[in-house]
Amino acid sequence: MEEIKKKDQLYKDKLFTINAVKIDFGNGNVGTYELVESSFDSGDGVIVVPVDKNNKVYLLEQYQVGADKRLLVLPRGGLDKNSNPDKQANEELREEIGYRANKLTKLVKMDIFPGWYKGASILYLAQDLVKDPKKGDELEDLKLRIVDYAKISNMIQKGEITDARTIAGLLYVKDYLSL
């Protein structure tokens, strides 16, 4: 059975803490790995798949620094340590696409990068969308793209959607709704 033996802080800033974590694998092997944790919130977040009554999904075209380009992504946001994920999911919708969901279904919790990051995303399905914009905290311009769900698989195959959490969320909901 794996056991964490030691945890040393290597770096900390306002966003992240990086720790060296020594793990005893219980089979005679011991290793040290770097673990990234959030410095300001729970490390968890919400990711929302907004689908309207015509089976259209609401995506964002948003700059992502790790890819150094604009990607098509689902609305998402981090969770403060004491925030309610259900409320946060609707707040992200209002801030990022200008809608809220009258029907919000919590689907699954997904580990983001479990090999080196401590945090997960809670996937939600948002339905019965109502226009209800709220000013958000994003610095970049967000462009709303409303896409017929029937086109999603082809967009993924053609490389038009490449964000892993977005792909996982879209395909999960496609199966969940039998689209």
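Predicted model, so just to flag it, every value in this text is computed and none were measured.

Asks: Honestly, the pattern of salt bridges in this entry has me stumped. Any pointers?
Replies: Opposite charge on two side chains permits pairing when their charged atoms draw close. Here the structure, examined in full by the defined rule, presents 14 salt bridges. A salt bridge links arginine 94 to glutamate 91, with the nearest nitrogen and oxygen atoms 3.3 Å apart. Residue arginine 94 and its partner glutamate 91 are both found in helix H1 (residues 85-96); the two are separated by 3 residues, about one turn of the helix. Shared partners join several salt bridges into a network, and the residues in it are Glu91, Arg94, Arg100, Asp132 and Lys134.

Asks: What's the story with the pairing of strand E1 (residues 3-12) in this structure? I'm lost.
Replies: Here is the key point about a regular strand: its side chains alternate between the two faces of the sheet. In this structure, E1 lies alongside strand E2 (residues 16-24), joined through 8 bridges in antiparallel fashion. Counterpart to aspartate 8 in the pairing with E2 is alanine 20.

Asks: How do you make sense of the sheet that holds strand E6 (residues 69-73) when you look at a structure like this?
Replies: Neighbouring strands of a sheet are bound in pairs by backbone hydrogen bonds; such pairs are parallel or else antiparallel. Pairing in this open sheet of 3 strands is antiparallel, and the strands run E6-E5-E10 from one edge to the other. Strands at the two margins of the open sheet, each flanked by one partner only, are E6 and strand E10 (143-148). The average angle at which neighbouring strand axes cross in this sheet is 30 degrees, direction not considered. Here 6 bridges tie strand E5 (residues 56-64) to E10, and the two strands are oriented antiparallel to one another. Among the inter-strand pairings, valine 57 is bridged to a residue of E10, identified as valine 147.

Asks: How should I be thinking about the pairing of strand E4 (residues 45-50) in this particular structure?
Replies: Of all 6 residues in E4, 6 are buried, a share of seventy percent or more. Because side chains alternate across E4, one face comprises the buried residues Gly45, Ile47 and Val49, and the other comprises Val46, Val48 and Pro50, equally buried. Pairing geometry for E4 and strand E7 (residues 76-78), over 3 bridges, is antiparallel. Following the sheet pairing, glycine 45 is matched in E7 by glycine 78. With 6 bridges connecting them, E4 and strand E9 (residues 120-131) associate as parallel partners.

Asks: Even after reading the chapter, I still don't get the packing of aromatic side chains, so can you show me in this structure?
Replies: Aromatic ring pairs are reported here in terms of the distance separating the ring centres and the angle at which the planes meet. Here the structure, examined in full by the defined rule, presents 4 aromatic pairs. When the centroid spacing of 6.1 Å and the interplanar angle of 85 degrees are considered together, the rings of phenylalanine 25 and tyrosine 33 count as edge-to-face. Here tyrosine 58 and tyrosine 99 contribute two aromatic rings whose centre-to-centre distance is 5.3 Å and whose plane-to-plane angle is 70 degrees, an arrangement assigned as edge-to-face. Pair noted here: tyrosine 58 is in strand E5 and tyrosine 99 is in strand E8 (residues 99-111), with a separation of 41 residues, a long-range link.

Asks: Explanation requested: the sheet that holds E7 in the structure shown.
Replies: Strand order in the open sheet made by the 4 strands is E7-E4-E9-E8, with mixed pairing throughout. Of all strands in the sheet, those with a lone pairing partner are E7 and E8, marking the two edges. With direction set aside, neighbouring strand axes in the sheet form an average angle of 25 degrees. Here H1 sits on the sheet and contacts E4, E7, E8 and E9; the angle it forms with E8, its principal contact strand, is near 120 degrees.

Asks: Just checking my understanding: could you explain the side chain of serine 121 for this structure?
Replies: For serine 121, the location among the structural elements is in strand E9. Exposure remark for serine 121: the relative accessible area of 1% places this residue in the buried category. Contact partners of serine 121, with chain neighbours within four places excluded, come to Gly45, Ile47, Val108, Lys109, Met110, Ile112 and Arg165.

Calculation notes
- Residues numbered from 1 in each chain as written.
- Predicted model: local features only at pLDDT ≥ 70, side-chain atom pairs only at ≥ 80, totals over all residues.
- Heavy atoms only, no water.
- Salt bridge = Lys/Arg side-chain N within 4 Å of Asp/Glu carboxyl O.
- Helix = DSSP H or I, 4+ residues; strand = E, 2+ residues; numbered from the N terminus.
- Pairing = 2+ DSSP bridges.
- Axes fitted to C-alpha atoms, helices over the stretch in contact; angles between N-to-C directions.
- Buried < 20%, exposed > 50% of the residue type's maximum accessible area, 1.4 Å probe, protein only.
- Phe/Tyr/Trp six-rings, centres within 6.5 Å; stacked < 30°, edge-to-face > 60°.
- Contact = heavy atoms within 4.5 Å.

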